[in-house]
Amino acid sequence: MKHEKAADLAKILDEVGEPVTWNGQTHKALVSDPTIGEHLDLGGFTGTGDFTIKIPRTAFGTRFPKLGEIVEFEGDRFRIERITNHPQYPLLVIVVGPLD
């Protein structure tokens, strides 16, 4: 059953997934809308924003993305801020934010 779900998910991503590039490889992913906000920084307010990228765990070999690495989406580059990599969940969940 787990393999069937993973296969179904791969088909859905092939149809509706958005291209995300990490480590020179482009993957089809589910991408959430960015969260936009502001925070007080040295010299005034700075825009912030983050969003979630979900990629099938099977898309990666033995090396998974790590905190601080760069992901490209829609021509822009983002830094990986958080990762959820649970072996029982078929998707790697990556939260990215703007480069400083």
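Asker: What should I look at first to understand the overall build of the chain in this one?
Answerer: Along the backbone of the chain there are 1 helix and 7 strands. Moving toward the C terminus, one meets the helices and strands of the chain in the order α-β-β-β-β-β-β-β. Counting every position in the chain, which comprises 100 residues, the buried fraction comes to 26%. In the chain, 46% of the contacts between residues at least 6 apart in sequence involve partners at least 24 apart. Summing over all exposed atoms, the chain offers an accessible surface of approximately 6800 Å²; the carbon and sulfur share of this is 54%.

Asker: What's the story with the confidence of the model for the chain in this structure? I'm lost.
Answerer: For residues with low pLDDT, the predicted coordinates do not support detailed interpretation. On average, the chain scores 85 in pLDDT, and the residues at 70 or more come to 82%. The least confident element of the chain is strand β3 (residues 35–41), whose mean pLDDT is 62; the most confident is strand β1 (residues 18–22), at 96.

Asker: Sorry if this is basic, but what is going on with the packing of aromatic side chains here?
Answerer: What describes a pair of aromatic rings is the distance from one ring centre to the other and the angle between the planes of the rings. Within the structure shown, the criterion is met by 4 aromatic pairs. The interplanar angle of 75° and the centroid separation of 5.5 Å between the aromatic rings of Trp22 and Phe60 together place this pair among those described as edge-to-face. Here Trp22 is found in strand β1, whereas its partner Phe60 is found in the loop between β4 (44–56) and β5 (70–73), with 38 residues between them in sequence. Taken as a pair, Trp22 and Phe60 share a single burial class, namely buried. On the accessibility criterion, Phe60 (7% relative accessible area) is buried. Here a set of aromatic residues connected by ring pairs shows up, and it is made of Trp22, Phe60 and Phe64.

Asker: What exactly am I supposed to notice about the nonpolar core here?
Answerer: A general trend in soluble globular proteins is that nonpolar side chains are found buried together. Core analysis: the largest hydrophobic core is formed by 15 residues, its most contacted members being Val20, Val31, Phe51, Ile53, Val71, Ile94 and Val96. Of all the secondary structure elements, the ones that give two or more residues to this core are β1, β2 (25–31), β4, β5, β6 (76–84) and β7 (91–98).

Asker: Help me understand the pairing of β6, please; the structure alone is not making it clear to me.
Answerer: A regular strand places its side chains so that they alternate between the two faces of the sheet. Across 4 bridges, the pairing between β5 and β6 is antiparallel. Residue Phe73 lies in a different strand from β6, and its bridge partner there is Asp76. Where β5 folds back onto β6 in an antiparallel hairpin, the turn is made up of 2 residues, including Glu74, whose phi is positive at roughly 50°. Bridge count between β6 and β7: 6 bridges; the pairing is antiparallel. Residue pairing in the sheet places Ile80 in a bridge with Val96 of β7. Linking two consecutive strands that pair antiparallel, namely β6 and β7, is a turn of 6 residues.

Asker: Teacher, can you tell me more about the environment of Val16 here?
Answerer: Tracing the sequence through the fold places Val16 in helix α1 (residues 2–16). On the accessibility criterion, Val16 (53% relative accessible area) is exposed. As for Val16 and Lys28, which are separated by 12 residues in sequence, their C-alpha atoms are 8.2 Å apart.

Conventions used here
Residues numbered from 1 in each chain as written. Predicted model: local features only at pLDDT ≥ 70, side-chain atom pairs only at ≥ 80, totals over all residues. Heavy atoms only, no water. Helix = DSSP H or I, 4+ residues; strand = E, 2+ residues; numbered from the N terminus. Buried < 20%, exposed > 50% of the residue type's maximum accessible area, 1.4 Å probe, protein only. Contact = heavy atoms within 4.5 Å. Areas by Shrake-Rupley, 256 points an atom, 1.4 Å probe, with all protein chains shown as cover. pLDDT = per-residue confidence, 0-100. Phe/Tyr/Trp six-rings, centres within 6.5 Å; stacked < 30°, edge-to-face > 60°. Core = buried A, V, L, I, M, F, W, Y, C linked by side-chain atoms within 4.5 Å. Pairing = 2+ DSSP bridges.

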